[in-house]
Amino acid sequence: MASGVLAAIHICGFRVLALETENPSAIRRTVAFSEAVRIGHCSIEGIEARLIAKEQVAAILSANDGEAGTDTTADFPGAEAMTVGIETGAAAGSKANRPSFIPIAVDPTGELISELQPAAVVDAIIAKKNCGTRLDMAPLVIALGPGFTAGKDAHIVIETMRGHNLARLIYQGTALPNTGVPGLVGGESALRVIHAPAAGTLRVLRDIGSSVARGETIARIIHTDGSVTDVAASLNGIIRGMLPDGFTVRSGLKMADIDPRLTELNNCFTISDKARALGGAVLTALLSRGIVP
């Protein structure tokens, strides 16, 4: 979801920096900016993201500022993202006036926030709890999903649950609590999400974009003693999300997502409707407080 936010504000010309963990666990790797942490750079729908060293951040943001003519920075602490995308219909002029790429820095504790003093901080971790975001981090602090109270933890909280209130800006109170039940996709909910049945090293047999049948082995988990646990597809469909091969998983960790709609292969490689809605909500929040590119 953080990637949809990053895409929206990058397209609009904001200088943006994404702060990530050392070992991102996003399963929808083809549409998450956090993949840049793993392989150095990535691109989705035309937007490039690059991993940069913390020591390079100030210089790179200044260079982007010279390119784009911007004077504000929005930070995304702990965003679970890879590279996201630009809308293909963007005008050439707007493309020329925005920063050339999204910088990603490994900074799980957000040390760069106090150093850079950004105009806004957006907590798009969506951990269903507050992992340390404070109201005094920036003139505008925005938080996505449950675990935050508007006016206490953040100035604005954004609803992330699908339904009538998705992407609503909340100025008092909290987002709806986490139900623990995945959203409905193609008539399936809990079955479409696969959790690691045991701890060990993941070996991917069927990666993102693969069509699979229920019961088919899509991955194996190699345990420290050399034994193996097979992971089977929970339903017929297309693998939409999968942790990378070689990832160390713990028992119960979300490791894969299957979309039962066999005709929706392109969804594996484009930003979701929910992520786009949240991106628009963050953009609205920024502009409503006078923070402009």
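Residues numbered from 1 in each chain as written. Predicted model: local features only at pLDDT ≥ 70, side-chain atom pairs only at ≥ 80, totals over all residues. Heavy atoms only, no water.

## Observations regarding the overall build of the protein chain
What the protein chain contains, in helices and strands, is six helices and 19 strands. Put simply, of all contacts in the protein chain between residues at least 6 apart along the chain, 65% involve residues at least 24 apart. For the protein chain, the computed accessible surface area is about 12700 Å², with 51% contributed by carbon and sulfur atoms. (Helix = DSSP H or I, 4+ residues; strand = E, 2+ residues; numbered from the N terminus. Contact = heavy atoms within 4.5 Å. Areas by Shrake-Rupley, 256 points an atom, 1.4 Å probe, with all protein chains shown as cover.)

## Structural notes on helix α6 (residues 273–288)
The terminal C-alpha atoms of α6 lie 22 Å apart, and with 16 residues this matches the ideal 22 Å at 1.5 Å per residue to within 8%. Those residues of α6 not exposed but buried are Lys 274, Ala 275, Leu 278, Gly 279, Ala 281, Val 282, Leu 283, Ala 285 and Leu 286. The inward-facing, buried residues of α6 abut α1 (2–11), β6 (120–123), β7 (140–144), β9 (156–158) and β10 (169–170). (Expected span 1.5 Å × (residues − 1). Buried < 20%, exposed > 50% of the residue type's maximum accessible area, 1.4 Å probe, protein only.)

## Let's talk about the sheet that holds strand β19 (residues 254–259)
Strands belonging to one sheet form pairs held by backbone hydrogen bonds; the direction of such a pair is parallel or antiparallel. Across the sheet, four strands lie side by side as β12-β19-β17-β14; this open sheet has antiparallel pairing. With one partner strand each, in any of the chains shown, β12 (193–195) and β14 (211–212) form the two edges of the open sheet. Direction of pairing for strand β17 (residues 237–242) relative to β19: antiparallel, over a ladder of four bridges. Opposite Gly 241, over in β19, you have Asp 257 as the bridge partner. (Pairing = 2+ DSSP bridges.)

## Regarding the side chain of Glu 159
The residue Glu 159 is located in the loop between β9 and β10 in this model. Of the side chains with opposite charge, Arg 168 lies nearest to the buried Glu 159, which makes no salt bridge, at 5.9 Å. Setting aside chain neighbours within four positions, we find Glu 159 in contact with Asn 165, Leu 166, Ala 167, Arg 168, Ile 170, Ala 175, Leu 176 and Leu 278. (Lys, Arg positive; Asp, Glu negative; His and termini not counted. Salt bridge = Lys/Arg side-chain N within 4 Å of Asp/Glu carboxyl O.)

## Structural notes on unusual backbone geometry
A negative phi angle is the norm for most residues apart from glycine, just as the trans form is the norm for most peptide bonds. Look at Gln 117: it is not a glycine, yet its phi comes out positive at around 50 degrees. As for its placement among the helices and strands, Gln 117 is situated in the loop between α5 (111–116) and β6. The backbone of Ala 167 sits at a positive phi, close to 75 degrees, despite the residue not being glycine.

## What to know about the confidence of the model for the protein chain
Averaged over every residue, the pLDDT of the protein chain is 88; the share at 70 or more is 88%. Of the regions scoring below 50 in pLDDT, residues 68–73 engages in 22 contacts with residues more than four places distant in sequence or in other chains. Contacts for the low-pLDDT stretch residues 75–96, under 50 throughout, to residues beyond four places or in other chains number 95 contacts. (pLDDT = per-residue confidence, 0-100.)

## Side note on the nonpolar core
Core analysis: the largest hydrophobic core is formed by 38 residues, its most contacted members being Ile 102, Ile 104, Ile 142, Leu 144, Ile 158, Val 282 and Leu 286. In terms of residues, this core owes the most to one element, α6, which gives seven residues. Contacts of Leu 286, omitting those with residues within four sequence positions, involve Ile 9, Phe 14, Ala 120, Leu 140, Ile 142 and Ile 291. Counting 24 residues, the second largest nonpolar core, distinct from the first, contains Ile 194, Val 231, Ile 238 and Cys 268. (Core = buried A, V, L, I, M, F, W, Y, C linked by side-chain atoms within 4.5 Å.)

## What about the sheet that holds strand β18 (residues 248–249)?
Strand order in the open sheet formed by four strands is β16-β15-β13-β18, with antiparallel pairing between adjacent strands. Both edges of this open sheet fall to β16 (228–232) and β18, since each of them pairs with a single strand only. Of the strand pairs in this sheet, strand β15 (residues 217–222) and β16 are connected by five bridges, and their pairing is antiparallel. What sits directly across from Thr 217, in β16, is Ala 232.

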